[in-house]
Amino acid sequence: MFYRVEDLFKEHGESLGLEIIAGKKGVKRRIAVPEAHRPGLSLSGFLKGHVSKRILIFGQAEIEYLRDLEPEVRVERLQNLLSPSSPTPAVMVARRFRPPKELVNLCEKNDIPLFRAKLKTMTLLNKLTHLLTDEFAPSINCHGTLVEVYGVGVLIQGDSSVGKSEAALGLIERGHRLITDDIVKVKKREGGYLEGSGAALTRHHMEIRGIGIINVAHLYGAVCVRNYKSIDIVVKLEVWDDHHFYDRIGMDEKFCDILGIKLPFHILPVKPGRDVVLLLETVALNHRLKGMGYNSAKEFNHKLLEMIAAKQKQRQRTSEINS
């Protein structure tokens, strides 16, 4: 599915203060790359290195430079940038500057959307780049419930009716936060981490079997919800199987791959009598300790090996004395 100029205008036009003044027929143009730039040297006729697939932003310097040119030269320079075959998605003029009539006529003629924005040039450039980077970030929808436990983003997964929402509700009651329930939209961010969020329609809502849809923000307060959170660990809930071997020490760390990023992965067997909420809190706290360089399982294993080595030395000495 392509991301088009009209999508940008509908979703972010208000925050950018955009007003379309020409080229309305070209709003279906595809935005191929998540980049925007100022034409700069391209207006002087130096087109080497110019990438026509990016959104063009005209600031005060560009507008004043165009006004100082002779009309014929001005038209020639603009035509070099905005030819009928140009894939330029759109042109934006910052700070509500009045664009030259040649720019308006050219955009109207070639069906290239021309906008005026209320933001300053660099503010517009930075914000637009951030928005486009966000829209173009690799993403995937996962089934599960995302909660924040002691500052750790925990993605709870498992088969239907295993108790994911009930476990999340128990965490919320203890003061932790809900990000989203049922469907988690995961995006890969710059810096190599994953961020989870929910759809606007289902945000702050949970489905509890036997009760129905509840609004967590209304029941427990706004402090118990947030719109997005980095995903730090994945916990899978599954029904207890007496024939399955479950790790009891934790030496073998497991990982799962989401969008090319490996996340710590834990399996929690569920059965009557097990406090799943307490176990999830413990998983989150243990993850924080590992991040601080403390691994309980490895420390226990190290102490165990030292004890075994000490006993072996003691036996060897006793054997030598007896002999």
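Refer to the preceding data block for the structure.
Just so you know, these numbers come straight off a predicted model, no measurement behind them.

1. A closer look at the environment of G196
Then step 1. Here G196 lies in strand β11 (residues 193-197).
Then step 2. Judged by its relative accessible area of 0%, G196 falls in the buried class.
Then step 3. Placed 95 residues apart in sequence, G196 and G291 show a C-alpha to C-alpha distance of 20 Å.
Then step 4. Ignoring sequence-local partners within four residues, the contact set of G196 consists of L146, I179, V184, K185, N227, Y228, K229 and I231.

2. Regarding the nonpolar core
Then step 1. V147, V154, M206, V235, L237 and L280 are the most contacted members of the largest nonpolar core, which has 29 residues in total.
Then step 2. When residues of this core are traced back to their parent elements, those giving at least two are β7 (145-149), β8 (152-158), α6 (164-173), β12 (205-208), α7 (216-220), β15 (233-239), β17 (261-270) and α8 (276-291).
Then step 3. Filtering out sequence-adjacent residues up to four positions away, V147 remains in contact with V152, G153, V154, I156, A168, L171, R177, L178 and I179.
Then step 4. In this structure, I20, I55, A94 and L119 belong to the second largest nonpolar core, which totals 22 residues.

3. Here we look at the layout of surface pockets
Then step 1. If you add up the space inside the second largest pocket, you get close to 460 Å³.
Then step 2. In this structure, the second largest pocket is lined by 16 residues; those nearest its centre are D134, K187, R189, E195 and S197.
Then step 3. Among the secondary structure elements, those contributing two or more residues to the lining of the second largest pocket are α5 (121-136), β10 (183-189) and β11.

4. A closer look at α5
Then step 1. For α5, with 16 residues, the first-to-last C-alpha span of 22 Å sits near the 22 Å given by 1.5 Å per residue.
Then step 2. T121, L124, L125, L128, L131 and L132 are the residues of α5 that are buried. Buried residues along α5 cover an arc of 140 degrees about the axis, so they all sit on one side.

5. Describing the side chain of D181
Then step 1. Relative to the assigned elements, D181 resides in the loop between β9 (177-180) and β10.
Then step 2. Although buried, D181 forms no salt bridge, and the nearest oppositely charged side chain, K164, lies 7.3 Å from it.
Then step 3. Here E207 takes part through its backbone nitrogen, which lies 3.3 Å from a polar atom of the side chain of D181.
Then step 4. Contact partners of D181, with chain neighbours within four places excluded, come to G144, T145, S165, H205, M206 and E207.

6. Topic: the packing of α6 against α8
Then step 1. The geometry of α6 relative to α8 is characterised by a closest axis approach of 9 Å and an angle of 70 degrees between their N-to-C directions. Looking at the two axes, α6 sits roughly perpendicular to α8. Two secondary-structure elements touch here, α6 through A167, G170 and L171 and α8 through V276, V277, L280 and E281.
Then step 2. Partitioning the contact of α6 with α8 into residue classes produces five nonpolar, one polar and one charged.

7. Details of unusual backbone geometry
Then step 1. Phi angles above zero are rare outside glycine, and D111 is one such case at about 55 degrees.
Then step 2. Inspection of the secondary structure assignment puts D111 in the loop between α4 (101-109) and β5 (114-116).
Then step 3. One non-glycine residue, Y150, lies in the positive phi region at around 55 degrees.
Then step 4. Positionally, Y150 belongs in the loop between β7 and β8.
Then step 5. Its relative accessible area of 35% is what places Y150 among the partly exposed residues.

8. Looking at the sheet that holds strand β4 (residues 91-93)
Then step 1. One open sheet holds the five strands; their spatial order is β1-β5-β4-β3-β2, and the pairing between them is mixed. Edge positions in the sheet fall to β1 (19-22) and β2 (36-37), since each has one partner strand and no second.
Then step 2. Where β2 meets strand β3 (residues 55-58), two bridges bridge the pair, whose relative direction is parallel. Residue pairing for β3: A36 is matched across the bridge by I55.
Then step 3. Across the sheet, α5 touches β2, β3 and β4, and the angle it forms with β3 is around 165 degrees.

Thresholds applied
Residues numbered from 1 in each chain as written. Predicted model: local features only at pLDDT ≥ 70, side-chain atom pairs only at ≥ 80, totals over all residues. Heavy atoms only, no water. Helix = DSSP H or I, 4+ residues; strand = E, 2+ residues; numbered from the N terminus. Buried < 20%, exposed > 50% of the residue type's maximum accessible area, 1.4 Å probe, protein only. Contact = heavy atoms within 4.5 Å. Core = buried A, V, L, I, M, F, W, Y, C linked by side-chain atoms within 4.5 Å. 1 Å grid on protein atoms, 1.4 Å probe; cavity = no way out; pocket = protein on both sides within 12 Å on 5 of 7 lines; lining within 4 Å. Points joined across faces, edges and corners; volume = space filled by probe spheres on them. Expected span 1.5 Å × (residues − 1). Arc of directions from axis to C-beta. Lys, Arg positive; Asp, Glu negative; His and termini not counted. Salt bridge = Lys/Arg side-chain N within 4 Å of Asp/Glu carboxyl O. Polar contact = N/O pair within 3.5 Å; in protein donor to acceptor, adjacent residues only side chain to side chain. Axes fitted to C-alpha atoms, helices over the stretch in contact; angles between N-to-C directions. Parallel < 35°, antiparallel > 145°, perpendicular 65-115°, else oblique. Nonpolar A, V, L, I, M, F, W, Y, C, P; charged D, E, K, R; others polar. Pairing = 2+ DSSP bridges.

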